[in-house]
Every structure is written in structure tokens, then in C-alpha cells.
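Chain by chain, the residues:
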Amino acid sequence: MYKPGGTIAEALNRIHKKQYVLPAIQREFVWKPQQIERLFDSLMQGYPFGTFLFWHVEPTTSGKFKFYDFVLNYHQRDAAHCPELAIQHNQAVTAVLDGQQRLTALNIGLRGSMAMKIPYKWWNSPEAFPRKTLCLNLLASTESNEDGARYDFRFLDDEQIQRIDDALWFKVPGVLGMQAGPEMLSWLTKHGLQGDMLNRAFDILHTLHNVVHNKPLINYYEEEAQDIERVLNIFIRLNSGGTVLSYSDLLLSVAVAQWKQLDARAEIHRLVDELNKIGTGFTLSQDFVLKAGLMLAGISSVGFKVENFTAENMALLEANWPDVRTALLRTVELAASFGMNGQTLRADSALLPIAYYLYHRKVPANYVTAGQFYHDRETIRQWLIRSLLKASGIWGSGLDTLLTALREAIKQSNSDIFPVITLMDVMRARGKSLRFDPVEIEDMLEITYGDKRIFPLLSLLFSFVDLRNQFHIDHIFPISRFSKGKLRQAGIPPEQQDELYKKANSLPNLQLLEGAANIEKQAALPAEWLRDRFRSEDGALNYQSIHELGQLPTDIHGFEAFYAVRRAALQDKLLKLLVDEEPPANPIGAGSSKAAVG
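In this report, the structure presented in the accompanying data block is examined. Since the structure is predicted, the reported quantities are computational estimates derived from the model, not experimental observations.

Reading guide: rules and limits
- Residues numbered from 1 in each chain as written.
- Predicted model: local features only at pLDDT ≥ 70, side-chain atom pairs only at ≥ 80, totals over all residues.
- Heavy atoms only, no water.
- Helix = DSSP H or I, 4+ residues; strand = E, 2+ residues; numbered from the N terminus.
- Buried < 20%, exposed > 50% of the residue type's maximum accessible area, 1.4 Å probe, protein only.
- Contact = heavy atoms within 4.5 Å.
- Phe/Tyr/Trp six-rings, centres within 6.5 Å; stacked < 30°, edge-to-face > 60°.
- Core = buried A, V, L, I, M, F, W, Y, C linked by side-chain atoms within 4.5 Å.
- Pairing = 2+ DSSP bridges.
- Axes fitted to C-alpha atoms, helices over the stretch in contact; angles between N-to-C directions.
- Parallel < 35°, antiparallel > 145°, perpendicular 65-115°, else oblique.
- Left-handed = near helix turned anticlockwise from the far one by under 90°.
- Expected span 1.5 Å × (residues − 1).
- Arc of directions from axis to C-beta.
- Salt bridge = Lys/Arg side-chain N within 4 Å of Asp/Glu carboxyl O.

### Side note on the environment of Glu-267
Structurally, Glu-267 is set in helix H10 (residues 264-276). With relative accessibility at 16%, the residue Glu-267 sits in the buried group. Separated by 180 residues in sequence, Glu-267 and Ile-447 have C-alpha atoms that sit 40 Å apart. The contacts of Glu-267, once residues within four sequence positions are left out, are Trp-259, Leu-262, Trp-321 and Arg-325.

### Let's talk about the packing of aromatic side chains
Each aromatic ring pair is specified by the distance between its two centres and by the angle formed by the two planes. Inspection of every chain in the model, using the stated rule, returns 22 aromatic pairs. The interplanar angle of 50° and the centroid separation of 5.6 Å between the aromatic rings of Phe-40 and Phe-153 together place this pair among those described as tilted. Of this pair, Phe-40 sits in helix H2 (residues 33-44) while Phe-153 is found in strand S9 (residues 153-156), placing the two residues 113 residues apart along the sequence. Taken as a pair, Phe-40 and Phe-153 share a single burial class, namely buried.

### Section: the nonpolar core
Judged by nonpolar contacts, the single largest core of 95 residues is most densely connected at Leu-275, Trp-383 and Trp-395. Element by element, the count of residues in this core is highest for helix H12 (residues 311-337), at 11 residues. Other than its neighbours up to four places away in sequence, Leu-275 contacts Phe-282, Leu-284, Phe-288, Val-289, Leu-328, Leu-329 and Val-332. In terms of nonpolar packing, the next biggest core, distinct from the first, is built from 56 residues, Tyr-20, Phe-52, Leu-106 and Val-212 among them.

### What to know about the sheet that holds strand S11 (residues 219-223)
Spatial ordering of the open sheet is given by S1-S11-S3-S6-S2-S4, a layout of 6 strands whose pairing is mixed. Both outer strands of the open sheet, strand S1 (3-4) and strand S4 (67-68), are each paired with one neighbouring strand and no more. Pairing between S1 and S11: 2 bridges, direction antiparallel. Considered in S11, the bridge of Lys-3 is made with Tyr-220. Relative to strand S6 (residues 93-98), helix H4 (residues 100-111) is tilted by about 115°, and along the sheet it contacts strand S2 (20-23), strand S3 (52-57) and S6.

### Remarks on the packing of helix H14 (residues 374-389) against helix H18 (residues 454-461)
Two elements in contact, H14 and H18, have axes separated by 9 Å at closest approach and are oriented at 140°. The angle between H14 and H18 places the two elements in the oblique class. You can see that H14 and H18 cross each other, and the crossing is left-handed. Note on element contacts: H18 touches H14 through Pro-456, Leu-457, Ser-459 and Leu-460, opposite Arg-381, Ile-385, Leu-388 and Leu-389.

### Observations concerning unusual backbone geometry
The phi angle at Lys-18 is positive, at roughly 65°, despite the residue not being glycine. Here Lys-18 lies in the loop between helix H1 (8-16) and S2.

### Description of H2
For H2, spanning 12 residues, the distance from its first C-alpha to its last is 17 Å, which sits close to the expected 16 Å at 1.5 Å a residue. Most of H2 is tucked away: 9 of the 12 residues are buried. Regarding H2, the residues found buried are Pro-33, Ile-36, Glu-37, Leu-39, Phe-40, Asp-41, Ser-42, Leu-43 and Met-44. Lining the buried residues of H2 we find H1, H4, strand S7 (113-115), strand S8 (133-137), S9 and helix H7 (195-213). Following H2 by one or two positions, Gly-46 has its phi on the positive side, about 80°.

### Observations regarding helix H20 (residues 494-504)
In an α-helix, one turn spans 3.6 residues; hence positions three or four apart end up facing the same way. Residues Gln-497, Leu-500, Lys-503 and Ala-504 constitute the buried set of H20. The buried side chains of H20 occupy one side of the element, clustering within an arc of 135° when seen end-on. Seen from the open side of H20, the exposed residues pointing more than 90 degrees away from its buried face are Glu-495 and Asp-498. The elements touched by buried residues of H20 are strand S12 (471-475), helix H19 (484-489) and helix H24 (559-580).

### Thoughts on the sheet that holds strand S10 (residues 169-171)
One open sheet holds the 3 strands; their spatial order is S9-S8-S10, and the pairing between them is antiparallel. On the outer flanks of this sheet lie S9 and S10, each paired with one strand and no other. Averaged over all adjacent pairs, the angle separating strand axes in this sheet is 40°, with direction ignored. Here 4 bridges tie S8 to S9, and the two strands are oriented antiparallel to one another. Looking at S9, one finds that Cys-135 is bridged to Arg-154.

### Quick look at the side chain of Asn-137
Looking at the secondary structure, you find Asn-137 in strand S8. Ignoring anything within four residues of it in the chain, the contact list for Asn-137 reads Asp-152, Asp-166, Ala-167, Leu-168, Trp-169 and Ile-204.

### Here's the deal with the pattern of salt bridges
For the structure shown, the criterion picks out 21 salt bridges. With a closest N to O distance of 4.0 Å, Asp-98 and Arg-102 form a salt bridge. The exposure class assigned to Asp-98 is partly exposed, which follows from its relative accessible area of 27%. A salt bridge links Asp-376 to Arg-361, with the shortest nitrogen-to-oxygen separation between them at 2.8 Å. Taken together, the positions of Asp-376 in helix H14 and Arg-361 in helix H13 (residues 351-361) put the pair 15 residues apart, joining distant regions of the chain. Classification of Asp-376 as buried rests on a relative accessible area of 4%. Among the charged side chains, a salt-bridge network with shared partners connects Glu-442, Glu-446 and Arg-567.

Encoded structure:
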């Protein structure tokens, strides 16, 4: 039978006092702001809240386990993990086995904030993560919208609150310390409400207050056994039946319970954070690190399957963890030196064979920078780019079997160079050939801005660019010049405008440009920008030559001729690089023979 657990306000008070805690086997908070908004709307409408599963941990047992606090002020980059709690010696606690996401959503909505990355902002920019508080519009209609929502909950920052007209935004955390009745009425009248508008706003605010302070919405089942194996089994059975909890979460749960010397949760989360701070920032996940752990530690299958989560396998992963960690850091440093980041790396899994190679070879700390490894790095770079350029997606279906086969090929090669030819043969045998034909090259020339293949494609075409600096993908002829209004002003007939815009947004009109130069260039036409950027005509001509720009026209009317010339030049280069040639098989002087590529 379930037990009554009181009101939401009482549950949050227990979280605040560290009476409700999270066991180490729990995963991270994964809800998005929209899910929290939806939860609060459901509560306001009186929908069922669901029951919880709690684990009562006795004072004599609590000191044996690691526990975590609930997230309060979520920051997607800087504070996405549950804070670690001190060991709870001789203190009874209630560990939440089921209901973490709902309780954390309430904790954030009623006591904290969220800071999610704004699209198109750089990951390392402070302005990319504005802090937002859950707000309720007290003047919004309570009629159901097409999604069934009746209450206008939104995460907003202070600027947004001021900017949205015809709304009165109440910061939801304010309701926790607010008394019902006169205090609510006083708040509303201070904001100028009266008459019917005052009555409607009061009803909405009173409903929120009642949901938080008065309704006994928390109901729970309680597990009292003190055996971690039983609790782990309950947790896995509870969560493995659906798709709510990923298998990587289950793997982490098992690792946490079975690692003896290291704290698996802390180690894995710390590594994810370190990896994502390399270069201009990556967006690698716990899944990536755990998959890498299975692959690098030599566990027979790299799949996220329950039968792979044995105590023996977890012990193997823990024993090899220091070397796994080092290899992953080195791998991502290498990818960053290729100019890759979270916005340009099309498939994270493409890094895993590279990581296993670096792990198996035990490369030194200076591998990414030392001149003696240049040709090996270049072989890896070209192999990686080829795998990322395939439109069919090399790193999609059949991933686990492919990774296992590539690992075996690297292990069996016994080579001190990246065995690119062997790997390409293995991939071809599985229908994942890295060979390109002229039709694929034609398709690549039509790739448009925003496609994740653009960056590796440009880095292959213009390999002289030092990608260790921050580079932007730039429209040579600024895309702002191709709006219908601008084209109409330039005298371009309406029937040509859509086609011109399409061409302006595709590969032949794109280049890699250093961040500062791109900001400087802004909306200038290329001929004008080159004239201002280079003091000598020779400098401008050299830039035009190495970037395959041809003779640049001085106005938009010459764009189509420029486009045709550059498209042909890029096509010739791609045919030579991807159809006629192979990636370098080994460093200069290594002297091994080449096998057929397919």
C-alpha cells in the first residue's frame, strides 16, 4: 500500500533539509524546461501526479553509501550534475528510487532556475546561458490550447519579463513564502489590477498556492531493505522496461554499485565535463564515455545490453579506467586540433576507433603536437573526414558490430601506425565503404549551410588552414545580400531570386574564415573586403588563389559567374581527393604496401 507524503511544499522542505536524497545509482536530471512547464500546468488542472518509490535508509546503514542532492539552479554547461553530499553517518535518510525527475522539476520550478544554451551562441560564451525563472502569466486565458494546456507557465529571464506585453508574470518561487488571501491580493493590487482582471488573476494565483501548500499530492511506496543488491535490482527492474532510462544509465548504476576503489559516477561525469571544455567546446555525453569504456577496456561487446554489465566487466573497466580516461582526453584534443567541436562533429561515435587506436598504441602525451606523429595524425584526420562525409551515415545502424570489428582490426594489426587500409576494408565488408563516386561529389556540391558535413568538407578542401584557431563557416557573398528585398533592389527578376538564394547558401559560396576576420567582414562583398584586408594586390590575389575564389566580381550581378567557376574548381578538387586518391596509408618512409580501397 502507498503512504501519504504530504504537500509539495513539505516535500521541498525535506529536500532542502537533505532528508530526501538521491542514491548514487540514480541518473542525472534530464527534463527540458518545457517538461517542467507542462508538469506545473498538469498540477494546476488537477491531473494525477503519480506515486513515488522511496528507500528508507537506516542510520546504521546510511554511512555505507554515497548520496547526492537534488539539482536546484540548473545550468546546462556549468551545473548540470546533482551535487554530491557528504557521507551521511548515523543519520536516517529517504533515498528516491522513482520520482527524481518530478521532484527535481518541482525543486527547480519553486526554488531555483534553469540556464539552457541559446541556439547559435558559442558554448564558451557567458551570454549563451541566461538564467531563467519559472513564471506564470496571471492575465492569460485559461481556455485549453491545442495541446491541452490551460495555464501559461514559461521559463523567462528578467529582460523577457519586461519585454512581453499584455502579461503579468508572477515568479513561481514567490508562492512558497506567500500567505493565502490578503498577501496575494496586496501583490496583485500593487501591480495595478482591479475589477474582473483582478478577480481572474487572483483565482489563478490562489490555485497555484493551493496546489503547492494545501493539496496532499505526494504519495509513495517505501522499500525498507538495507541490501544494496536488492535495491539495485528493484531500480533496474523499475526502469529497464521502457525507454525512460537509457541502458547507459543502467550501466552507470551498476558501475557505481560495483566499482571498489573509484567513484564511477564522479569519474565519468568529471571526464564528460573535461572533454566538453577542450578546444572551442564539445557536446559529448555520458553515453559516449561509457561506450568508449566498453570498447577500450576490451569488453567482448560494446553494446548497451544488460548482459554486458557483469561484475567482472565492471571490474575490468575500473582497472583500465586511468588509461581509458587518458586516451579519451587525447582523442578529443586531436579532434579539436582538426577544428572539430560540438557544432561540427557530425557523429561522436566516429571518435571511438581513434580512441581505441591511441589507447592500444599507448601514445605519449605529446602525440597531438609532436612533429614525429604528423603523418599518423593526418592519416587519422582524412579517415575521420571520409567517414563523416558519407551521406548514408557510417555511424548509424549496426554501430555496435562495426565498432567491435574495427577494434579487433586495430588490435590484430600490431602496427605503430593507424591501419587505415585495414579499417576501410573492414568497413567495406559491412556495407560502409569509404570510397566515393562522382555522383556523390555532385551531391556534396549542393550541401547547404548548417549541414554538419560542411566543416569537414571545407577542412578537407583547404587543408592549409590552421584549424587550431576558432574558424567560422562564412558566406563569401554575404547571405544577407540575397533576401528578396535586396535582390529586388539590385534589379534581379523575381523568377531568379529563389535559385540565387539557394546557390548563395550552398558549398561553392562557403569558406572557412577566422572568427575575428568573419566579424570584420560582416556584410561586405568579397572584392571590397579583400581590398580592405590586404595592403598589397599580391596578398589579395594569393588569398583568391588558395581559396579557389577566381576573379571576384564587384557586385551581385556577377555572382552566378563566380558560383559556376568556384563550383567547377571545388568539384575538381573533390574528385581528386575522394575519388582518385586514398588517405595516406602510413607515415613517409614506413614502406608498407597498399591494399585495395573500397
